[in-house]
Amino acid sequence: MQRISESFSPSAPIDQKVLFAGRIQQFTDVANAVAQRGQHVILFGERGVGKTSLSTVISHAFKGTANTISSGTINCDQTMDFGGLWRKVFREIPINAGITNGIGFNATPTMHTGSLADYLPATVTPDDIRHILQRLGKTIIVIDELDRIEDPEVTTLLADTIKTLSDHSVPTTLILVGVADSVNSLIQEHQSVERALVQIRMPRMTVAELDEIIDKGVANAGMTIEKAAKNKISSLSQGLPHYTHLLALHALQTAARKGQTHVTGEDVSSAIENALSKAQQSIISAYHKATSSQRENLYAQVLLACALAKPDALGYFSAADVRDPMTEIMGRFYDIPAFSQHLNAFCDDQRGPILQRIGETRRFRFRFINPLMQPYVTMDGLKRGLIKDTSLLK
Ligand SMILES: Nc1ncnc2c1ncn2[C@@H]1O[C@H](COP(=O)(O)OP(=O)(O)O)[C@@H](O)[C@H]1O
Ligand SMILES: [Mg+2]
């Protein structure tokens with residue numbers, strides 16, 4: 001049981017290479033940028049696709065290399081100003097306070113050890129940051145959850161920091177991590193930094209990558225899994241590794257409780273029940289709000305059809321994309337007018353908002369506000385018998 005829970009962590013980013021699956025292209029792109037002086041990285045994608053995991057594994061990979069220091073992941077929060085952000089980063093970097101000739105590192109902690117944050121003035125400017133970082137060796141700094149910075153001034157100053165680091169060829173790589181929207185605003189408003197920024201998009205994971213998560217975790221737990229059971233988990237995950245971990249964790253635990261080391265499709269079925277009840281409360285209540293009603297209605301079916309609609313790279317789908325899955329679910333042809341009012345209701349307070357709508361009338365595009373809602377809706381549809389199997393997901 002312990003080995004199973006060490007192998008699958010639905011709520012924590014991966015920090016060990018042994019459990020890290022796929023992402024070879026993105027890993028290479030980040031590593032290349034880190035090696036290039038004057039280049040910085042912006043890693044963006046939907047919530048839950050594995051951005052924090054990749055940046056953590058990258059930091060680990062460079063740790064131990066001469067002169068490479070990773071300050072770890074910094075979680076931004078709303079109240080933080082530019083100085084506060086850097087104080088938080090620099091607090092992670094220990095330094096011997098007793099040194100006399102400039103700033104240096106001392107791996108062995110002494111009584112006098114402080115942190116680099118002590119060197120920051122009361123009001124911090126991008127040039128202060130550059131000045132300090134210039135004295136360090138190769139350094140990688142991850143700034144995670146960029147989208148949580150609400151003050152636009154902080155984003156502007158961060159862009160200025162990238163520019164000055166790049167112009168002075170400082171051997172530091174900033175890895176900024178956030179959802180796509182936050183990245184757009186950083187780049188659009190500060191085009192001067194575009195040259196210094198390598199933009200790396202984290203798409204949803206492929207089925208092969210999700211299979212690899214399962215294979216690595218199952219092996220780590222000292223168990224085996226039926227091919228059909230594995231396929232079911234990876235297709236239900238819809239590219240989001242959180243659900244792969246969640247379903248695999250429960251499926252393996254179910255098998256282990258029966259004293260078995262081989263995981264079957266049946267174990268995955270009971271894992272679905274478990275995963276639904278253990279989902280985040282916010283997801284459960286939002287789903288309930290979107291679909292519940294006194295009278296007979298189609299909200300659950302339409303929402304399920306949305307979850308089965310094939311989204312584009314940014315998670316958006318159109319009403320036309322909903323038509324086929326809706327027809328499959330209902331067993332007869334359903335055209336857009338039959339469910340367009342449901343789609344609209346999902347976008348306002350009445351039943352949500354659970355979907356976000358962009359574009360103009362007749363060319364609206366929709367997406368789940370919380371991407372983790374999508375597999376939840378699919379699994380619930382499966383449990384309620386609205387769809388029979390996962391073949392619709394292909
Ligand atoms: N490459 C990967 N291999 C295995 N598991 C992963 C991988 N990427 C993400 N995960 C898992 O997926 C979940 C979400 O990952 P996380 O890095 O927190 O996503 P994000 O930062 O994009 O929201 C976590 O449970 C994490 O363990
Ligand atoms: Mg994250």
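Residues numbered from 1 in each chain as written. Chains lettered and ligands numbered in written order. Predicted model: local features only at pLDDT ≥ 70, side-chain atom pairs only at ≥ 80, totals over all residues. Heavy atoms only, no water.

## A few points about the site of ligand 1
Inference 1: Taken together, 22 residues lie around ligand 1, and Ser 9, Gly 48, Lys 51, Thr 52 and Ser 53 are the ones closest in.
Inference 2: Ser 9 has a polar backbone atom sitting 2.7 Å from an oxygen atom of ligand 1.
Inference 3: The separation between an oxygen atom of ligand 1 and a polar main-chain atom of Val 49 is 3.3 Å.
Inference 4: Coverage of ligand 1 by the protein chains reaches 92% of its 560 Å² of free accessible surface.
Inference 5: Contributing elements (two or more residues each) for the shell around ligand 1: helix 3 (51-62) and helix 10 (241-257).
Inference 6: Looking at the shell around ligand 1, its residues break down into 11 nonpolar, 7 polar and 4 charged. (Near = heavy atom within 4 Å. Polar contact = N/O pair within 3.5 Å; in protein donor to acceptor, adjacent residues only side chain to side chain. Areas by Shrake-Rupley, 256 points an atom, 1.4 Å probe, with all protein chains shown as cover. Helix = DSSP H or I, 4+ residues; strand = E, 2+ residues; numbered from the N terminus. Nonpolar A, V, L, I, M, F, W, Y, C, P; charged D, E, K, R; others polar.)

## So, the packing of aromatic side chains
Inference 1: Scanning the model with the defined rule gives 7 aromatic pairs in all.
Inference 2: Measuring from ring centre to ring centre gives 5.3 Å for Tyr 287 and Tyr 376, while their planes differ by 75°; the resulting arrangement is edge-to-face. Of the two residues, Tyr 287 is situated in helix 12 (residues 281-291) and Tyr 376 in helix 16 (residues 373-384); the sequence distance between them amounts to 89 residues.
Inference 3: The class for Tyr 287 is buried, based on a relative accessible area of 5%.
Inference 4: Given the relative accessible area of 5%, Tyr 376 is considered buried.
Inference 5: Three or more aromatic residues link up through ring pairs in this structure, and these residues are Phe 317, Phe 364, Phe 366 and Phe 368. (Phe/Tyr/Trp six-rings, centres within 6.5 Å; stacked < 30°, edge-to-face > 60°. Buried < 20%, exposed > 50% of the residue type's maximum accessible area, 1.4 Å probe, protein only.)

## Some thoughts on the packing of helix 11 (residues 265-277) against helix 16
Inference 1: Axis separation between helix 11 and helix 16 bottoms out at 10 Å; the angle between their running directions is 130°. With respect to helix 16, the axis of helix 11 lies oblique. Note that helix 11 runs across helix 16; the crossing there is left-handed. Between helix 11 and helix 16, the contacting residues are Ile 272, Glu 273, Ala 275 and Leu 276 on the first element and Tyr 376, Met 379, Asp 380, Leu 382 and Lys 383 on the second.
Inference 2: A breakdown of the residues in the contact of helix 11 with helix 16 according to their chemical character gives 6 nonpolar, no polar and 3 charged. (Axes fitted to C-alpha atoms, helices over the stretch in contact; angles between N-to-C directions. Parallel < 35°, antiparallel > 145°, perpendicular 65-115°, else oblique. Left-handed = near helix turned anticlockwise from the far one by under 90°. Contact = heavy atoms within 4.5 Å.)

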